[in-house]
Amino acid sequence: MTTAFWTNTIWYILLGILCIIQIIALLKKANNRKHVTALYLIIAGITFSFEATVYLFLKAYDYYPMIFPQSPLNDGLAGNLFSQFSVTASALLISVLNLKYYWFLIFSLIYGFIEELFLRLGIYSHNWYQTWMTILGLNLLFWVTKKMYSSKLMCTNFLRYILMFFGLYTLHMPTIVWPLILLKIFMPKKILPDAISSFALICLLNLFLMSTICMIIYFSKLRYSYKSILICALYGILYFAVKFNIIYVKSGWFLLFSTADVFGMLLGVFILDKLISFRLKLGS
């Protein structure tokens, strides 16, 4: 194995193992595993959205897991996944176990220690960000997660849509969009002065467009002919995005990319619907 694995990657793998242990524990203790799984996807989507702002747009910090050493963007995204999935698991574990509020501080201090360790090891760096922001932010995340776990926040259709959007972020970005980027089938073009900000903006616009229209397709009472038109419209939008040089799709791969993007999102809506166990009514 390369030196980078033992100096960089191994620490992120250990963080991933910690995440898996927490997920196993919270699923074992949960009374309703579907509800917990849905909440995990939603909370992870919320943390990813925050990350997109401070990491991709505001350049707050950088990850160096050295999983994709030739691509700083993909390497940073890999580090982001380890980080966000782990803190989400901790937030839900606190909620499922109904731990007292002082545990918020204990867990956040542990993550503060991990962050400082990663800084000392040179596998993570701050630009303008500070560790105390992580500690403060995690206390807020733990409080919000506990409130969401114990309340009936999905009692209104509007809020359900919002929460489902965040869950779709978790289901769609790491499993559909990012693999297509790694395989060099799809790549956002540089439409802003900064390439990373362009990447984030185009991916978020794709997520918003796909999730909104796919939820309408899935939950509405529209005739199948109208739903088919909406699906075709999504293909058309992606086609024009290629033609207007907003996104790059490898030659001969447009049909595979667009089908994975559209029907991958529809599958995500279906999965979240079954996990949350609600039926939304849109239109007629």
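Everything that follows concerns the structure shown earlier in this document.
(A) Highlighting the environment of Val-269. Note on placement: Val-269 falls in helix H9 (residues 254-276). Separated by 18 residues in sequence, Val-269 and Ser-251 place their C-alpha atoms 29 Å apart. Discounting residues that sit within four places of it in the chain, Val-269 has contacts with Met-164, Leu-168, Cys-214, Met-215, Tyr-218 and Phe-219.

(B) Structural view of a nonpolar patch on the surface. Together, Ile-191, Tyr-239, Phe-240, Phe-244 and Ile-246 make up a nonpolar patch on the protein surface, roughly 520 Å² of accessible area in all. Within the secondary structure layout, Phe-244 lies in the loop between helix H8 (224-243) and strand S4 (247-249). Judged by its relative accessible area of 62%, Phe-244 is exposed.

(C) Local environment of the side chain of Ser-220. Within the secondary structure, Ser-220 is located in the loop between helix H7 (195-219) and H8. A polar contact is formed between the side chain of Ser-220 and the backbone oxygen of Ile-216, at a distance of 2.6 Å. A distance of 3.4 Å separates the side chain of Ser-220 from the backbone nitrogen of Leu-222, its partner in a polar contact.

(D) View of the packing of aromatic side chains. For the structure on display, the rule yields 27 aromatic pairs. Seen in terms of ring centroids, Phe-48 and Phe-85 are 5.3 Å apart; in terms of plane orientation they differ by 85°. Their pairing is edge-to-face. Taken together, the residues Phe-48 in helix H2 (residues 33-57) and Phe-85 in helix H3 (residues 72-96) connect sequence positions 37 residues apart. Judged by relative accessible area, Phe-48 falls into the buried class, the value being 3%.

(E) Spatial organisation of unusual backbone geometry. Located in the positive-phi region is Lys-59, a residue other than glycine, with phi close to 55°. By secondary structure assignment, the location of Lys-59 is in the loop between H2 and strand S1 (61-63). Take Lys-59: its relative accessible area is 26%, and that puts it in the partly exposed class. One non-glycine residue, Asn-98, lies in positive phi territory at about 55°. Mapping Asn-98 onto the fold places it in the loop between H3 and helix H4 (102-121).

(F) Expanded view of the pattern of salt bridges. Throughout the structure, instances matching the rule amount to two salt bridges. Notably, a salt bridge pairs Asp-194 with Lys-59, separated by 2.9 Å at the nearest N-O pair. Here Lys-59 lies in the loop between H2 and S1 and Asp-194 lies in the loop between strand S3 (186-188) and H7, a separation of 135 residues in the sequence.

Analysis parameters
- Residues numbered from 1 in each chain as written.
- Predicted model: local features only at pLDDT ≥ 70, side-chain atom pairs only at ≥ 80, totals over all residues.
- Heavy atoms only, no water.
- Helix = DSSP H or I, 4+ residues; strand = E, 2+ residues; numbered from the N terminus.
- Contact = heavy atoms within 4.5 Å.
- Patch = residues over 30% accessible without salt bridge, like charges linked within 9 Å, V, L, I, M, F, W, Y side chains within 5 Å.
- Areas by Shrake-Rupley, 256 points an atom, 1.4 Å probe, with all protein chains shown as cover.
- Salt bridge = Lys/Arg side-chain N within 4 Å of Asp/Glu carboxyl O.
- Buried < 20%, exposed > 50% of the residue type's maximum accessible area, 1.4 Å probe, protein only.
- Polar contact = N/O pair within 3.5 Å; in protein donor to acceptor, adjacent residues only side chain to side chain.
- Phe/Tyr/Trp six-rings, centres within 6.5 Å; stacked < 30°, edge-to-face > 60°.

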